Amino acid sequence: MDFQERFATEAACLDYLAASRWPEGFACPGCGGRRAWVLERRHLWECAECHLQTSVTAGTVMHGTRTSLRGWFWAAYLVATHHPGISAKQLQRQLGLSRYETAWLILQKLRRAMVAPEREPLKGEVEVDEFFLGGLEEGQKGGRQRGRKALCGIAIEVRGQGSGRLRLAVLPDASGDSLGGFVQATIAKGAIVHTDGWSGYLGLSKLGYDHRRRSQLTEPGEQLLPRAHRAVSNLKAWLHGTHRGVGDPHLQVYLDEYVFRHNRRRTPMAAFQTLLGLGSYHSPTTYAEMTAHRRTAA
Ligand SMILES: [Zn+2]
């Protein structure tokens, strides 16, 4: 409720966007002027000195939208905080949208923001394992039937007794090439990598990792890779709760969404900002972008 009160009007959303873009107050990207007129309906700040117009939605997911900013803010908030992840149907109801397609499109755009920021490699000490998803699906008559299984890789940072950042990927098989490729794509060289005794991991030392194998034979009764196992069981519960019968083509998208949520579970406002595309705010606006605004404004 606090969130909905804070962003109850388009003006409040615009103020937030302006404050994110100009934390020290308005500064004209053309002349450096500090005073501006606000053209609220078009999301434009016009410099009082040189009349250059800057859009506060440029570079965000909301640019050129016909949905209200309030709608976008509320959608991003729900997607960032709702556990388990929200469906297009639920979003349509929450936003009071007449068309399902609009809700679906908003959700797709917000979901796209969940992939890109996950590219900083894992560091320090990491548990790596592989596991199967699916295999059993609810049948037509309520019984369970055998469906297709998908092999996935998991890498999760060790942070004291707890877990750090997470990565998940659909794998073609459990060969040394596939697992080595997954590790190289997700973990920085030189990191300590814990795995079980599977032979597919034998090449990791050669790839530049401090590889430590653990096996049930040498450590009977020990729980090997506890963080990876905990994350996998949470993932399975989440998938079961939201997206029943996940088909192979979309599986990586859901894995990315789960990783995004896991990695920002303690910073919901950062998740909200990333989803709306406000993270890109501090990269400079290109000249072409600014002149384009000027031309449409003239
Ligand atoms: Zn100016």
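Above this text you will find the structure in question.
Residues numbered from 1 in each chain as written. Predicted model: local features only at pLDDT ≥ 70, side-chain atom pairs only at ≥ 80, totals over all residues. Heavy atoms only, no water.

**Student:** Before we move on, could you go through the overall build of the chain and cite the residues and values that matter?
**Tutor:** A count of helical and extended segments in the chain gives 10 helices and 8 strands. Residue burial in the chain is summarised as follows: out of 298 residues, 44% are buried. Considering only contacts within the chain whose residues lie at least 6 apart along the sequence, 56% involve residues at least 24 apart. Of the accessible surface of the chain, which amounts to about 16,200 Å², a share of 52% is contributed by carbon and sulfur atoms. (Helix = DSSP H or I, 4+ residues; strand = E, 2+ residues; numbered from the N terminus. Buried < 20%, exposed > 50% of the residue type's maximum accessible area, 1.4 Å probe, protein only. Contact = heavy atoms within 4.5 Å. Areas by Shrake-Rupley, 256 points an atom, 1.4 Å probe, with all protein chains shown as cover.)

**Student:** Break down the coordination of the zinc ion for me, citing the residues and quoting the values.
**Tutor:** Binding of the zinc ion to the protein goes through C28 (SG), C31 (SG), C47 (SG) and C50 (SG), at separations of 2.3 to 2.4 Å. Because the angles between the 4 donor atoms bound to the zinc ion fall within 101 to 115°, the donor set is best described as tetrahedral. (Donors = N, O, S within 2.8 Å, 3.2 Å for Na, K, Ca; no water. Tetrahedral: all angles 85-135°; square planar, octahedral: opposite > 155°, others 65-115°.)

**Student:** How would you sum up the layout of surface pockets? Please name residues and give values.
**Tutor:** In this model, the second largest pocket occupies a volume close to 320 Å³. What lines the second largest pocket is a set of 14 residues, and nearest its centre among them are W104, Q108, R111, V253 and Y254. Every element with two or more residues in the lining of the second largest pocket is listed here: helix 5 (100–112) and helix 8 (248–263). The element best represented in the lining of the second largest pocket is helix 5, accounting for 6 residues. (1 Å grid on protein atoms, 1.4 Å probe; cavity = no way out; pocket = protein on both sides within 12 Å on 5 of 7 lines; lining within 4 Å. Points joined across faces, edges and corners; volume = space filled by probe spheres on them.)

**Student:** Could you give me a rundown of the environment of W238, with the residues and numbers involved?
**Tutor:** Within the fold, W238 resides in helix 7 (residues 226–242). Overall, W238 belongs to the buried group, its relative accessible area being 7%. When the C-alpha atoms of W238 and Y258 are compared, they prove to be 8.2 Å apart, with 20 residues separating the residues in sequence.

**Student:** Describe the nonpolar core, and please don't skip the residues or the numbers.
**Tutor:** Ranked by size, the top nonpolar core spans 41 residues in total, and within it M62, F73, L91, L110, F272, L275 and L276 carry the most contacts. Contributions of two or more residues to this core are made by helix 2 (10–21), strand 2 (44–47), helix 3 (69–81), helix 4 (88–95), helix 5 and helix 9 (268–276). At 9 residues, helix 3 tops the list of elements feeding residues into this core. Ignoring anything within four residues of it in the chain, the contact list for L276 reads T60, V61, M62, W72, F73, A76 and L110. By size, the runner-up hydrophobic cluster in this structure holds 21 residues, among which are A150, L168, L224 and L251. (Core = buried A, V, L, I, M, F, W, Y, C linked by side-chain atoms within 4.5 Å.)

**Student:** Explain helix 4 to me, using residue names and the numbers behind them.
**Tutor:** Residues A88, L91, Q92 and L95 constitute the buried set of helix 4. Taken around the axis of helix 4, the buried residues stretch over an arc of 105°, which confines them to a single face. Among the exposed residues of helix 4, those pointing more than 90 degrees away from its buried face are K89 and R93. Positive phi shows up at G96, right after helix 4, with a value of about 65°. (Arc of directions from axis to C-beta.)

**Student:** Can you explain the pattern of salt bridges? Please cite residues and give values.
**Tutor:** Inspection of every chain in the model, using the stated rule, returns 9 salt bridges. Across the pair E49 and R35 runs a salt bridge whose closest N-O atoms are separated by 3.8 Å. Pair noted here: E49 is in the loop between strand 2 and strand 3 (53–55) and R35 is in the loop between helix 2 and strand 1 (36–39), with a separation of 14 residues, a long-range link. One salt bridge connects R99 with E101, and the closest N-O pair in it is separated by 4.0 Å. Taking relative accessible area as the criterion, R99 reaches 49% and is therefore assigned partly exposed. One network of salt bridges, in which partners are shared, links R111, E257 and R261. (Salt bridge = Lys/Arg side-chain N within 4 Å of Asp/Glu carboxyl O.)

**Student:** Give a description of the packing of helix 4 against helix 5 that names residues and reports values.
**Tutor:** Packing of helix 4 against helix 5 brings their axes to within 8 Å, and their N-to-C directions diverge by 110°. By the angle class used here, helix 4 and helix 5 are roughly perpendicular. At the point where helix 4 passes helix 5, the crossing takes the right-handed sense. From helix 4, A88, K89, L91, Q92 and L95 reach across to helix 5, where they touch Y100, A103, W104, I106 and L107. Class assignment of the residues belonging to the contact of helix 4 with helix 5 gives a composition of 8 nonpolar, 1 polar and 1 charged. (Axes fitted to C-alpha atoms, helices over the stretch in contact; angles between N-to-C directions. Parallel < 35°, antiparallel > 145°, perpendicular 65-115°, else oblique. Left-handed = near helix turned anticlockwise from the far one by under 90°. Nonpolar A, V, L, I, M, F, W, Y, C, P; charged D, E, K, R; others polar.)

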